[in-house]
Amino acid sequence: MTDQRTPVVLIHGLWLHSSSWHPWMELLDAEGFAPLAPGWPGEPASPTDARSHPQAVAGAGIADVTEHYAAVIRALPAEPVLIGHSFGGLIAQKLLGLGLGRAAVAIDPAPVKGVKPLPFTQLRSASPVLRNPANRSRAVSLTAAQFRYAFGNAIPPEESDALYEAYAIPSPGRPLFEAAFANFSRRSPAAVDTGNSHRGPLLLMSGQRDHTVPDVVTRAAYKLYGDSTATTDLKQFPDRGHSLVIDQGRRAVADCALGWLARQGITGRSATAGF
């Protein structure tokens, strides 16, 4: 029998494995959705395998990842909701702009072309990749200390280290280089059709203590959508960092996303499970 539930495609960003979405998948399933969390192109099946084969994802860029998820979406029985974090949030915006999603939630999204603020914390978070041009064609890992600065600065160090052990994996450097130079490229893969008034609704979320994608960056992206008459909303979370989708406060983020989807007429059918 064909699954009649609304699909939800969960798209992770750099340095996290797709398994980091498992708590979200359990909640979405309990809410009556049909969630799936495909990995990036070449991503091994587990964090352990990904760490053992660090170059399996090397060289994948924004366009490659976008087309990878577009192929997943085209094979679905119904138009999905897109939920993306970090670079996954940028990918979700691209897919929505292409008409490949019913609605999208972009959480701490990597900057799209046209975003101009470049805070120091963002540069520092990206420095393990950007400091060496050769990393454009490589996969790069973070140390636990680098992960704590980029993801876990707003949570206890012990929780950050536990999340690092559970989910952190090597990721391709190419997307960071593409985003860093997006405003200097006429055909940047980080470009999004922000003027599209025919797309589905979009919610941008930001953690106001995020080092990797600071709140000012998400707010700048929100302003780029000013010429579109399609629904575009912004939700800011005080005292939350880049780990907000995986740490102990993730339920508040998920509840906000579900509540916003309900206001767009997109709901599940059952009571929530444990999260």
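Residues numbered from 1 in each chain as written. Predicted model: local features only at pLDDT ≥ 70, side-chain atom pairs only at ≥ 80, totals over all residues. Heavy atoms only, no water.

Before going further, it helps to spend a moment on the environment of Ala-126. Within the element layout of this structure, Ala-126 appears in helix H5 (residues 120–130). On the basis of relative accessibility, which here comes to 10%, the residue Ala-126 falls in the buried class. Along the chain, Ala-126 and Ala-190 lie 64 residues apart, while their C-alpha atoms are 16 Å from each other. (Helix = DSSP H or I, 4+ residues; strand = E, 2+ residues; numbered from the N terminus. Buried < 20%, exposed > 50% of the residue type's maximum accessible area, 1.4 Å probe, protein only.)

Time to look at the side chain of Asn-196. As for its placement among the helices and strands, Asn-196 is situated in the loop between helix H8 (174–180) and strand E7 (202–207). In terms of polar contacts, Asn-196 uses its side chain to reach the backbone amide nitrogen of Arg-199, at 3.3 Å. What Asn-196 contacts, discounting residues up to four positions off in sequence, is Gly-97, Ser-228 and Ala-230. (Polar contact = N/O pair within 3.5 Å; in protein donor to acceptor, adjacent residues only side chain to side chain. Contact = heavy atoms within 4.5 Å.)

Strand E1 (residues 7–11) sits mainly inside the fold: 5 of its 5 residues count as buried. Going residue by residue along E1, you find Pro-7, Val-9 and Ile-11 tucked away on one face and Val-8 and Leu-10 tucked away on the opposite face as well. As a crossover connection, the stretch from E1 through helix H1 (residues 22–30) into strand E2 (residues 34–36) is right-handed. Note: E1 against strand E3 (residues 81–85), 4 bridges, orientation parallel. Each bridged residue has a counterpart across the sheet, and for Leu-10 the counterpart in E3 is Ile-83. (Right-handed = clockwise from strand over helix to strand, strands pointing away. Pairing = 2+ DSSP bridges.)

Our focus in this paragraph is the environment of Gly-32. Along the chain, Gly-32 turns up in the loop between H1 and E2. Assessed through its relative accessible area of 8%, Gly-32 is described here as buried. Separated by 235 residues in sequence, Gly-32 and Thr-267 have C-alpha atoms that sit 7.7 Å apart.

Attention now goes to helix H3 (residues 62–74). The end-to-end C-alpha distance of H3, which contains 13 residues, comes to 18 Å, matching closely the 18 Å that a straight helix rising 1.5 Å per residue would cover. Of the positions making up H3, those classed as buried are Ile-62, Val-65, Thr-66, Tyr-69, Ala-70, Val-72 and Ile-73. Take H3 and look down its axis: the buried residues cluster within an arc of 160°, on one side only. Buried residues in H3 make contact with E1, E2, E3, helix H4 (87–97) and H8. (Expected span 1.5 Å × (residues − 1). Arc of directions from axis to C-beta.)

Right, let's get into the packing of aromatic side chains. With the rule as written, the count across this model stands at 3 aromatic pairs. Taking the centre distance of 4.6 Å and the plane angle of 5° together, the rings of Phe-147 and Phe-151 count as stacked. A relative accessible area of 0% places Phe-147 in the buried class. Judged by relative accessible area, which is 1%, Phe-151 ranks as buried. Ring pairing ties together the aromatic residues Phe-147, Phe-151 and Tyr-164, which thus form one cluster. Taking NZ or CZ as reference, Arg-124 lies 3.8 Å from the ring centre of Tyr-149, over its face. Of note, Lys-235 hangs over the ring of Phe-237, and the distance from its end group to the ring centre comes to 5.3 Å. (Phe/Tyr/Trp six-rings, centres within 6.5 Å; stacked < 30°, edge-to-face > 60°. Lys NZ or Arg CZ within 6 Å of the ring centre and 35° of its normal.)

Another aspect to go through is the sheet that holds E1. Across the sheet, 6 strands lie side by side as E2-E1-E3-E4-E7-E8; this open sheet has parallel pairing. Where the open sheet ends on each side, the last strands, each with one partner, are E2 and strand E8 (232–237). In this sheet, adjacent strand axes meet at a mean angle of 15° when their direction is disregarded. Alignment of E7 against E8, held across 6 bridges, turns out to be parallel. From the neighbouring strand, Leu-203 faces E8, where its bridge partner is Asp-233. (Axes fitted to C-alpha atoms, helices over the stretch in contact; angles between N-to-C directions.)

The element E7 is largely enclosed, with a buried count of 6 among its 6 residues. The alternating pattern of E7 places Leu-202, Leu-204 and Ser-206 on one face and Leu-203, Met-205 and Gly-207 on the opposite face, and all of these are buried. With 4 bridges joining them, strand E4 (residues 103–107) and E7 adopt parallel strand pairing. Within E7, the position partnered with Ile-107 by the bridge is Met-205. What joins E7 to E8 is helix H9 (residues 215–224), and the crossover it makes is right-handed.

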